[in-house]
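Structural features, examined
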Amino acid sequence: MRIILLALLILSPLSHGEELSAKEWLTHMSQALSEKQFKASIIQVQADHVRPLVFVQGLVGEQHISYVEYLNGPPKNAVKVGNKVTFLEHDQPPYSVTANLIQGVWPASLSGNITKLEQGYQFVLGGRSRIAGRAGQMIRFIAKDEHRYDAQIWVDMETYLPLRYDTLNRDKQLLEQTMVIELVEFIESPSILVEASKHKWPEVINQGDRKDAQDWQFTWLPEGFNMVVSDNHRLIGIHEPVEYIALSDGLANISVYVARTTEGPMPEELVTRNGLSMVVEKVGNAEVVAIGKVPSTTLERIARSLALK
């Protein structure tokens, strides 16, 4: 009987969803991701690598709390209480950073201001299909230029929570997929989140003293991309401080590292099977490394546009 009902949901318009535009679906999804209490069992696929994880979100008192547990490999978890995210890994002490969400599950803008995504993407309604035993509505993110990749998402037609998110390259080949295999909505927060609200987590780490850092700016960025992080720190194996700049358009993220030019040969352009590109450019006496899931030509132009204020 449930299978028949799901088929009817997929093939027939829903009373609450038949008039919704692509943007309205996304707006409802953003609100659901921000407010609903739920547990999602998820698999992430990148090339030949599969990573299963569990994501739990809820409200304890006035605090928004979420928890991620990665199920394969060495123990690795993350907890967000309010605007503080704490990482728990087997080979180092727990540490905390200031953040509004746990990175790496869904793109940040899916639970934020959907309108900002319109700078780089067009929203287009797709078809409906069954995912994790639930009826889902697909929305396509069509890139408005050649500087980023397309994406598509399936939204649960009952809860408006995301069920699947794909990143596609310019040839429409799948680069990365995040898919829910089980979704459970809660009325009350589960005990793991209640316990997280009571625990004393480490204080936020110092991001580094920038008084000796150089101020960099970009003379060109693709429409919709903004600088979201800029700091300087020391990477493992590197004695000199490295400038780190994070760029994002809400879906795609780019990391830029700036260091003094080394005497050895610089690596050539690298593109992995999951769409992660890396380029290295010399800008004056600095070596710039740009990494992101965007076309390598985009990274090259961004790196070459870097200049001191």
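Within each chain, residues carry numbers counting from 1 in the order of the written sequence. The model is predicted, so local features are restricted to residues of pLDDT at least 70 and side-chain atom pairs to those at 80 or more, both for listing and for counting; the totals for chains, interfaces and linings are taken over all residues. Working from all heavy atoms in the structure, the side-chain values ignore hydrogens and water.

What about the side chain of Thr 159?
Put simply, DSSP marks the helices as runs of H or I at least four residues long and the strands as runs of E at least two long, and each gets a number from the N terminus on. Within the fold, Thr 159 resides in the loop between β9 (150–156) and β10 (162–168). Judged by relative accessible area, which is 3%, Thr 159 ranks as buried. The definition of a polar contact used here is a pair of N or O atoms within 3.5 Å, where within protein one atom must be able to donate a hydrogen and the other to accept one, and adjacent residues in sequence count solely through side-chain atom pairs. A distance of 2.6 Å separates polar atoms of two side chains, one belonging to Thr 159 and the other to Asp 156. A polar contact of 3.2 Å, which involves the side chain of Thr 159, links it to the backbone nitrogen of Leu 161. Residues count as neighbours in contact if any of their non-hydrogen atoms are within 4.5 Å of one another. Excluding its chain neighbours within four sequence positions, the residues that come into contact with Thr 159 are Ala 32, Lys 36, Arg 134, Leu 183 and Glu 185. Residue exposure (1.4 Å probe, protein chains only): buried if accessible area is under 20% of the type maximum, exposed if over 50%, otherwise partly exposed.

Observations regarding the pairing of strand β3 (residues 63–70)
Pairing of strand β2 (residues 49–60) with β3, which is carried by eight bridges, proceeds in the antiparallel orientation. Residue pairing in the sheet places Phe 55 in a bridge with Val 68 of β3. When DSSP finds two or more bridges between a pair of strands, those strands are recorded as paired. Between β2 and β3, which pair antiparallel and follow one another directly, the connecting turn spans two residues, one of which, Gly 61, has a positive phi of 65°. Summarising the sheet, β3 and strand β4 (residues 76–81) pair through six bridges and their orientation is antiparallel. Looking at the pairing, Val 68 lines up with Ala 78 of β4. Hairpin remark: β3 followed by β4, antiparallel, with five residues in the connecting loop; positive phi at Gly 73, about 75°.

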